[in-house]
Amino acid sequence: MNQKFVKTIIYSLIALIVLLLISLLGISVGAENIPLSTVIKTLFNIENSQLYEDIIINLRLPRVILGFAVGGALSISGLLLQGIFRNPLVEPFTIGISGGASVGISLLTLLNLENIIGFLSLPVSGFLGAILIILLVYKLGIKNNTFRITNILLIGVMISFISSSLVMFIMAISKSKDINTILFWLMGSLEESNLKLILITLFISIFGLIIAFVLSRKLNLFSLGEEEAKSLGLNVERIKRLVYLTASVLTGFCVAVSGVISFVGLIIPHFMRILLGKDNRLLVITSYLIGGAFLILSDTLARTVIAPLQLPVGVITGLIGGISFIYLLNRKNVNIFG
Amino acid sequence: MPSQLNMNKNSIFISISIILFVTIKIYSQSTKIVSLAPSYTKQIYTLKADSNLIAYTKYGQKNHTNSEKTVVGSVVNISVEKIRSLNPDLILSSTLTRKKQIRRLKKLGLKVHTFQQPQSFADISDQFLRIAEFVNKSQFAQNYLHKIKNKINSLERKIDTRTKTEKNKKIFFQIGRQPLYAVHPNTYLNEVINLLNGQNIIQNRSSGICNRETVISKDPEIIFIALNGKAAELAQQEWNDFGSIAAVKSHQIYQVAPNLFNSPTPGNFYLALKKATKHIYSLKFNHKN
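Definitions and cut-offs
- Residues numbered from 1 in each chain as written.
- Chains lettered and ligands numbered in written order.
- Predicted model: local features only at pLDDT ≥ 70, side-chain atom pairs only at ≥ 80, totals over all residues.
- Heavy atoms only, no water.
- Helix = DSSP H or I, 4+ residues; strand = E, 2+ residues; numbered from the N terminus.
- Buried < 20%, exposed > 50% of the residue type's maximum accessible area, 1.4 Å probe, protein only.
- Contact = heavy atoms within 4.5 Å.
- Areas by Shrake-Rupley, 256 points an atom, 1.4 Å probe, with all protein chains shown as cover.
- Domains from an automatic or database assignment.
- Buried area = accessible area lost by both parts, 1.4 Å probe.
- Salt bridge = Lys/Arg side-chain N within 4 Å of Asp/Glu carboxyl O.
- Polar contact = N/O pair within 3.5 Å; in protein donor to acceptor, adjacent residues only side chain to side chain.
- Pairing = 2+ DSSP bridges.
- Axes fitted to C-alpha atoms, helices over the stretch in contact; angles between N-to-C directions.
- Phe/Tyr/Trp six-rings, centres within 6.5 Å; stacked < 30°, edge-to-face > 60°.
- Right-handed = clockwise from strand over helix to strand, strands pointing away.
- Core = buried A, V, L, I, M, F, W, Y, C linked by side-chain atoms within 4.5 Å.
- pLDDT = per-residue confidence, 0-100.
- Patch = residues over 30% accessible without salt bridge, like charges linked within 9 Å, V, L, I, M, F, W, Y side chains within 5 Å.
- Parallel < 35°, antiparallel > 145°, perpendicular 65-115°, else oblique.
- Nonpolar A, V, L, I, M, F, W, Y, C, P; charged D, E, K, R; others polar.

1. Observations regarding the overall build of chain B
Within chain B one finds 12 helices and 12 strands. A burial count over chain B gives 47% of its 289 residues as buried. Here the analysis covers contacts within chain B between residues at least 6 apart in sequence; of these, 59% occur between residues at least 24 apart. Summed over its atoms, the accessible surface of chain B is roughly 15,000 Å², and 52% of this surface lies on carbon and sulfur atoms.

2. Things to note about the domain arrangement of chain B
Residue and element names in this part refer to chain B. We note that the domain assignment places domain 1 (4-140) and domain 2 (163-281) within chain B. With 12 residues of domain 1 at the interface, the matching set in domain 2 holds 11 residues. Buried surface at the junction of domain 1 and domain 2, summed over both partners, amounts to about 980 Å²; 66% is from carbon and sulfur atoms. Our count for the domain 1 to domain 2 interface comes out at 0 salt bridges. Of all elements in the fold, only helix H2 (38-46) and helix H5 (121-134) reach the threshold of two or more residues within the side of domain 1 that touches domain 2.

3. Some thoughts on the interface of chain A and chain B
Between chain A and chain B, the contact holds 35 residues from the first and 28 residues from the second. Summing both sides of the interface, chain A and chain B together bury roughly 2,900 Å²; the carbon and sulfur share of this comes to 52%. For the pair chain A and chain B, the interface holds 4 salt bridges. The closest approach of N and O atoms between aspartate 54 of chain A and arginine 84 of chain B, which form a salt bridge, is 2.4 Å. If you look at where chain A meets chain B, you find 13 residue pairs in polar contact (both at pLDDT 80 or more). Looking at the side of chain A that touches chain B, the element that brings in the most residues is helix H3 (residues 50-85) of chain A, giving 8 residues.

4. Notes on the environment of glycine 71 of chain A
All names here are of chain A. Checked against the element boundaries, glycine 71 lands in helix H3. Glycine 71 gets classed as buried once you look at its relative accessible area, which sits at 0%. Between the C-alpha atoms of glycine 71 and glycine 265, which are 194 residues apart in sequence, the distance is 7.8 Å. Apart from the residues lying within four places of it in its own chain, the contact partners of glycine 71 are Leu66, Val264, Gly291, Gly292 and Leu295.

5. Structural notes on the sheet that holds strand S2 (residues 53-56) of chain B
Whenever strands of a sheet pair, they do so through backbone hydrogen bonds, lying parallel or antiparallel. Residues and elements named next belong to chain B. In spatial order, the strands read S3-S2-S1-S6-S7; together these 5 strands make up an open sheet with parallel pairing. Taken across any chain shown, the strands that pair with only one partner, and hence form the sheet edges, are strand S3 (70-71) and strand S7 (112-115). This element, H2, spans strand S1 (33-35), S2, strand S6 (90-94) and S7 of the sheet and lies at about 155° to S2. Set on the sheet, H5 makes contact with S1, S6 and S7; between it and S7 the angle comes to about 165°.

6. Observations regarding the side chain of lysine 240 of chain A
Here lysine 240 of chain A lies in helix H11 (residues 236-258). Sequence-distant contacts of lysine 240 of chain A, defined by excluding residues within four places in its chain, comprise Ile84, Phe147, Ile149, Phe222 and Glu226 of chain A.

7. Focus: the packing of aromatic side chains
Residues and elements named next belong to chain B. Evaluated as defined, the whole model comprises 14 aromatic pairs over all chains. Summarising the aromatic geometry, the rings of tyrosine 40 and phenylalanine 115 are spaced 5.1 Å apart at their centres and angled 55° between planes, so their arrangement reads as tilted. Of the two residues, tyrosine 40 is situated in helix H2 and phenylalanine 115 in strand S7; the sequence distance between them amounts to 75 residues. In this structure, tyrosine 40 and phenylalanine 115 share a single accessibility class: buried. Here tryptophan 239 and phenylalanine 242 contribute two aromatic rings whose centre-to-centre distance is 6.3 Å and whose plane-to-plane angle is 55°, an arrangement assigned as tilted.

8. Concerning the pairing of S6 of chain B
Residue and element names in this part refer to chain B. The buried count for S6 comes to 5 of 5 residues, which makes it a mostly enclosed element. Taking every second residue as pointing to the same face, both faces of S6 are buried, with Leu90, Leu92 and Ser94 on one and Ile91 and Ser93 on the other. Of the strand pairs in this sheet, S1 and S6 are connected by 3 bridges, and their pairing is parallel. Paired with isoleucine 33 across the bridge in S6 is leucine 90. On the question of chirality, the crossover connecting S6 to the parallel S7 by way of helix H4 (residues 99-107) is right-handed.

9. As for the pattern of salt bridges
Pairing of side chains with opposite charge becomes possible as their charged atoms draw close. Across all of its chains, the model carries 14 salt bridges over all chains by this definition. As a salt-bridge pair, arginine 281 of chain A and aspartate 279 of chain A come within 3.4 Å of each other at their nearest N and O atoms. For glutamate 133 of chain B, the salt bridge is made with arginine 130 of chain B, and the minimal N-O distance between the two is 2.9 Å. Of this pair, glutamate 133 of chain B and arginine 130 of chain B both sit in helix H5, separated by 3 residues, roughly a single helical turn. Judged by relative accessible area, which is 31%, arginine 130 of chain B ranks as partly exposed. Several salt bridges converge on common partners, so that one network encompasses Arg63, Glu191, Asp299 and Arg303 of chain A.

10. Side note on the nonpolar core
Judged by nonpolar contacts, the single largest core of 97 residues is most densely connected at Phe85 and Tyr244 of chain A together with Ile83 and Leu105 of chain B. When residues in this core are grouped by element, the largest group, 16 residues, is from H3 of chain A. With residues up to four places along the chain from it excluded, the contact list for phenylalanine 85 of chain A reads Val90, Ile95, Ile149, Ile152 and Leu153 of chain A. In terms of nonpolar packing, the next biggest core, distinct from the first, is built from 48 residues, Ile152, Leu155, Leu195 and Tyr281 of chain B among them.

11. Regarding the pairing of S7 of chain B
With 4 bridges connecting them, S6 of chain B and S7 of chain B associate as parallel partners. Residue isoleucine 91 of chain B lies in a different strand from S7 of chain B, and its bridge partner there is valine 112 of chain B.

12. A look at helix H7 (residues 188-195) of chain B
All names here are of chain B. Burial runs high along H7: 6 of the 8 residues are buried. Turning to H7, its buried residues number three or more, namely Tyr188, Leu189, Asn190, Val192, Ile193 and Leu195. Looking at the residues trailing H7, positive phi occurs at asparagine 197, about 60°.

13. What to know about unusual backbone geometry
Residue and element names in this part refer to chain A. Here arginine 86, not a glycine, exhibits a phi torsion of approximately 45°, which is positive. Along the chain, arginine 86 falls in the loop between H3 and helix H4 (97-110). The exposure class of arginine 86 is partly exposed, given its relative accessible area of 38%.

14. Section: the confidence of the model for chain A
Residues of chain A with pLDDT of at least 70 account for 97%, and the chain-wide mean is 88. Of all the helices and strands in chain A, helix H5 (residues 113-117) of chain A carries the lowest mean pLDDT, 72, while helix H13 (residues 280-304) of chain A carries the highest, 95.

15. Here we look at a nonpolar patch on the surface
Together, Phe5, Val6, Ile9, Ile10, Tyr11, Leu13, Ile14, Leu16, Val18 and Leu20 of chain A line one region of the surface with nonpolar side chains, adding up to about 820 Å² of accessible area. If you trace the backbone, isoleucine 10 of chain A turns up in helix H1 (residues 3-28).

16. Observations concerning the packing of H1 of chain A against helix H2 (residues 36-43) of chain A
All names here are of chain A. Relative to each other, H1 and H2 sit at 100°, their axes nearing to 10 Å. Here H2 runs roughly perpendicular to H1, going by the angle between their axes. Along the contact surface, H1 presents Leu24, Ile27 and Ser28, while H2 presents Leu36, Val39 and Leu43. Partitioning the contact of H1 with H2 into residue classes produces 5 nonpolar, 1 polar and no charged.

Written out as structure tokens, the structure is:
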């Protein structure tokens, strides 16, 4: 059997076990102390307590599922974008997607449309804002039928600045309760009560994983450089566009549902690259699983460290991710893209 | 025949006893309430219904000695899980609590009553009466409100007597420092300013965000600062740098307790008005005397 295939299977299984263990931790730990045995009995419907069912099945489990879906999706988006941009600082939010979603959410709040349209208007407006920016950046990035990577990056960064100014402007003219809504959304959270929305996010996230896996072999060729990849018969332009659109739509959806959760898409792909090397086929699967596990772990810590208060999950992703990444980078003494 | 009559009498007596027992049982079962804003907590204590209160948000316990109640987070950051574990009959929330969390609580089958931000004393009174209804203290609340209204009216008369011969004072009421945020129309604190026979320099706005230039050009005669500790000190220092402002010239910058002014309850409304009156007019009275 192909050695690389065996390696991919083994590491993916390890990542899956890590994910399952962290998921169990996420379901077992919370503001309320519930013994592990009760958690397991409730999960398998052996114990019939409405209280435990509400806490474990209706509160903690959806958060874990959403954490897995969003963490995984952001990680592979980061991996794909770092792959085509060949820039270690690129993450899903660098190219302006979160900015677009933020403006969408802020406008909706300012115009008080949430109360008119309904609660799904928040993720929908976030997604529309993100899609608008994705299309704008895409359109501006193409010249003479060439998808100009460097320009895309710069346009994305500029759009992020413009969006953040617009959000500040909207906040300046908003009422205090509306400012709260915008701020909470900007902080990011896995607190979502609509199970359908969570399942749709999971479906899109897994669909994104499949596309990313299909693209991963081509991304390996792309890592040799555009000219090399072209000479090996790769349709570079098509791959760039496909990768950009896949990563952007995935990020747009995640941002619309859970707000801005930074660092996951930046750190996890690098983390896996340091540990497992540069084969994107292996990286796509392991980044997805470990990204999901990382966000579940971060969320568990965010809701328990100062319980009953909750920290914004981005605080934990930044702290744990950043510190452990620097440690690993120095310890292994590697050059990520070298 | 007499035995049948006796039997009927007995059965009537038993029926009445059962009805009475059930009625007493129902009324003795108090509604378990979780308060998600300090002002609701305070109102429940005012209504002497703290036995109904099982949990509140951080800072809600100030001025109350009972530390046995559970804390379920802060106004803007609550633990849905903790609240669910308490299985309350009613949750009182404000518009400052995250909508997502409120939706979650409702989805779990919990009853949530969300109060809008009160914009006047009438709104505060309505809110108070509604809370009183929840804890079966409507009569007590009516009496309490009656007393507070009388006190406010008496204070209003005193203010009117003192200010009969003067024009309205221009007032700037600061409640935020960075960004500079002030009391604006359609808020209950604006009503306090009106009752003081004052004139809020921030007019025709739906938001309280303003800039220093506007404040300086409007030249307020009185500045109130309702900020916590160091922020209040800094805000006062900042205004003192602008010697052209009438309030700075006449040393009429007052730091007032934010807990009192920013927590809308009928009692706080009266105390805030009284405090502000004392600040403004005691100086003038002393001067006259």
